[in-house]
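Residues per chain, in single letters:
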Amino acid sequence: MQKRLLLNSKHFEITISRLCYQLIENHNDFSQSALIGLQPRGVFVARRIHRRLSEILNSEKILIGDLDITFHRDDYRRRDIILPSETKLNFSVDDRKVILIDDVLYTGRTIRAGMDALLDFVRAKKIELLTLVDRRYSRHLPIEPDYIGIQVDTILSEKVKVYWKETDGEDAAWLITEK
Amino acid sequence: MISRLSSKHLLGIKGLSKEDIELILSTADNFKDVLNRPVKKIPSLRDVTIANLFFENSTRTRLSFELAERRLSADVVNFAASSSSVSKGETLIDTVKNILAMKVDIVVMRHPNPGAAVFLAKHIDSKIINAGDGAHEHPTQALLDAYSIREKFGEVKNKRVVIVGDILHSRVALSNIFCLQKLGAEVMVCGPTTLIPKYISSLNVKVEHNLRKALEWCDIANMLRIQLERQDTKNFPSIREYTMMYGLNMEMLRSLKNKITIMHPGPINRGVEITSEVADSDQSIILNQVENGVAIRMAVLYLLAADTY
């Protein structure tokens, strides 16, 4: 197995900050917007973005939620069952601009499921997509992110793994090649 | 936690492990959340066809299963024995084989004969969910009862549950005993000697014939209905006498040391096993049980359908 470091702890921090400033350009004070992290790994990105945005804007009112997409996956009954995680949306999505957030964008199937799951909570004004790592040239669906942390070119046998200080001890993104 | 059920069917609680039950309960949490969304439907079972075969009358269970199936986007066919060819003499196997020939993936069946679901599972190649077989088991009722207790108290372990009434004819009682014990609760049954089966001692449950003593002991009382349709011999002199001895009224409920929780699997015979006042009091979680029934049945269907492809 070979590993290549994509983002170290310092770059990680810089990338999160840059994404926050890009978001502010489009969402101002976030009074009409909400961050929604996709379970299970997207919620880590969303929380980190939320924390940094709150610092930058000196606001405690930025809305954040967790969205589970298990019931909208297109591979139920085609692979081992995946158990659902919790959905936490303590606010109305209706007529808000929503930023869906995930750690790695690969085939786009998770995002498709995420959009369907989100639309079950009535009609968002607009849905945007933020991803920490974008694996280019590997999409199965016509889905492209609006905000990208880092872009990498990968092949099928490679994997991108994101580690978090909160659960793994350090922030890092690795490209892993199985031999 | 395990990620799939150890059993291909849901025939009874007896065949489930503690881990199976916990998996169903925790999955039901997610479905309860879905049921509180503006859009209460999810697409998971959109390519699954389910037949609801009810060889015996039912309101709650049938509606609850049908709603759960539709909320999961399954295609549903309903069958009631009273309006079918069963009355022309068709056997159970033939009826079901004909239905399965129409490409049905899952069969939900209620039948007056104990063991009907097990029998079917042995003879046909489809997933079977037992929605009540005679006086044997009613697994989804026990699961939703355990779920309702867990929801109210945080856990089922170490809770004291008394099941009051017609234990002899009750599939709810047997499934509840298995389920609650697997989850670590203490179970007592209470009723007249004639309505408590002789084998009950082999199930490691306490037996009490005095309602007040039973209620003083418990945290939760599950009040069963007298199954008038199953009484082939007289097991008690009259309904009035049963109500005097085993009916729960507000006066008795208020006089207890502890504030106990009241459950009932329905349908309620108001004024017989419990008074209207008790059924509608803030100590009753009867309607929560009904609401939780849909989430539990969605969880069971979701977990069982996972490997029907």
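Presented here is a report on the structure given in the accompanying data block. A quick note: this is a predicted structure, and the numbers were derived from the prediction, not measured.

**Regarding the overall build of chain A**
A count of helices and strands for chain A gives four helices and eight strands. Ordered by position from the N terminus, the helices and strands of chain A form the series β-α-β-α-β-β-α-β-β-β-α-β. Taken against the 2.2 N^0.38 rule, which gives 16 Å for 179 residues, the C-alpha radius of gyration of chain A at 16 Å falls within 12% of a compact globule. Overall, the C-alpha framework of chain A stretches about 50 × 40 × 30 Å when taken along its three principal axes. Counting across all 179 residues of chain A, residues that qualify as buried make up 53%. Within chain A, contacts between residues at least 6 apart in sequence are counted, and of these 69% link residues at least 24 apart. Taken as a whole, chain A presents about 9000 Å² of accessible surface, with 47% of it coming from carbon and sulfur. Separation of charge centres in chain A, based on 29 positive and 28 negative side chains, amounts to 2 Å.

**Looking at the nonpolar core**
Formed by 69 residues in total, the largest nonpolar core has its most connected members in I24, F31, L45, I129 and L143 of chain B. Broken down by element, this core gets its largest block of residues, eleven residues, from helix α11 (residues 286-305) of chain B. Each of domain 1 (18-137 + 290-305) and domain 2 (139-288) of chain B gives at least three residues to this core. Setting aside residues no more than four positions away along its own chain, I24 of chain B makes contact with L5, L16, L143, I296, A299, V300 and L303 of chain B. Formed by 30 residues, the second largest nonpolar core is a distinct cluster that contains F12, L19, C20 and V133 of chain A.

**A short note on the pairing of strand β1 (residues 49-54) of chain B**
All names here are of chain B. In terms of burial, β1 is a largely internal element, six of the six residues being buried. Of the two faces of β1, the one lined by T49, A51 and L53 and the one lined by I50, N52 and F54 are each fully buried. Two elements, β1 and strand β2 (residues 75-80), share six bridges in a ladder whose sense is parallel. Paired with L53 across the bridge in β2 is F79. Note on the crossover from β1 through helix α2 (residues 60-71) to β2: the handedness is right-handed. Pairing of β1 with strand β3 (residues 106-111), which is carried by five bridges, proceeds in the parallel orientation. Following the sheet pairing, F54 is matched in β3 by R110.

**A closer look at the packing of aromatic side chains**
All names here are of chain B. According to the stated counting rule, one finds nine aromatic pairs over all chains in the structure shown. Ring centres of F31 and Y302 lie 5.5 Å apart, and the angle between their planes is 65 degrees; this geometry places the pair in the edge-to-face category. You can see F31 sitting in helix α1 (residues 18-35) and its partner Y302 sitting in helix α11, a full 271 residues away along the chain. Judged by its relative accessible area of 0%, F31 falls in the buried class. Ring centres of F55 and F79 lie 5.2 Å apart, and the angle between their planes is 55 degrees; this geometry places the pair in the tilted category.

**With respect to the side chain of T15 of chain A**
Residues and elements named next belong to chain A. Along the chain, T15 falls in helix α1 (residues 9-27). Judged by relative accessible area, T15 falls into the buried class, the value being 7%. Polar side-chain contacts of T15 include one of 2.6 Å to the backbone oxygen of H11. With near-sequence residues (within four places) excluded, T15 lies in contact with L7, L132 and G149.

**Digging into α11 of chain B**
Residues three or four positions apart in an α-helix share a direction because the helix packs 3.6 residues into each turn. Over its 20 residues, α11 of chain B extends 29 Å from the first C-alpha to the last, a length consistent with the 28 Å expected when each residue adds 1.5 Å. Extensive coverage of α11 of chain B is indicated by the burial of 16 of its 20 residues.

Rules and cut-offs
- Residues numbered from 1 in each chain as written.
- Chains lettered and ligands numbered in written order.
- Predicted model: local features only at pLDDT ≥ 70, side-chain atom pairs only at ≥ 80, totals over all residues.
- Heavy atoms only, no water.
- Helix = DSSP H or I, 4+ residues; strand = E, 2+ residues; numbered from the N terminus.
- Rg over C-alpha atoms; globule rule 2.2 N^0.38 Å.
- Buried < 20%, exposed > 50% of the residue type's maximum accessible area, 1.4 Å probe, protein only.
- Contact = heavy atoms within 4.5 Å.
- Areas by Shrake-Rupley, 256 points an atom, 1.4 Å probe, with all protein chains shown as cover.
- Lys, Arg positive; Asp, Glu negative; His and termini not counted.
- Charge placed at Lys NZ, Arg CZ, Asp CG, Glu CD.
- Core = buried A, V, L, I, M, F, W, Y, C linked by side-chain atoms within 4.5 Å.
- Domains from an automatic or database assignment.
- Pairing = 2+ DSSP bridges.
- Right-handed = clockwise from strand over helix to strand, strands pointing away.
- Phe/Tyr/Trp six-rings, centres within 6.5 Å; stacked < 30°, edge-to-face > 60°.
- Polar contact = N/O pair within 3.5 Å; in protein donor to acceptor, adjacent residues only side chain to side chain.
- Expected span 1.5 Å × (residues − 1).

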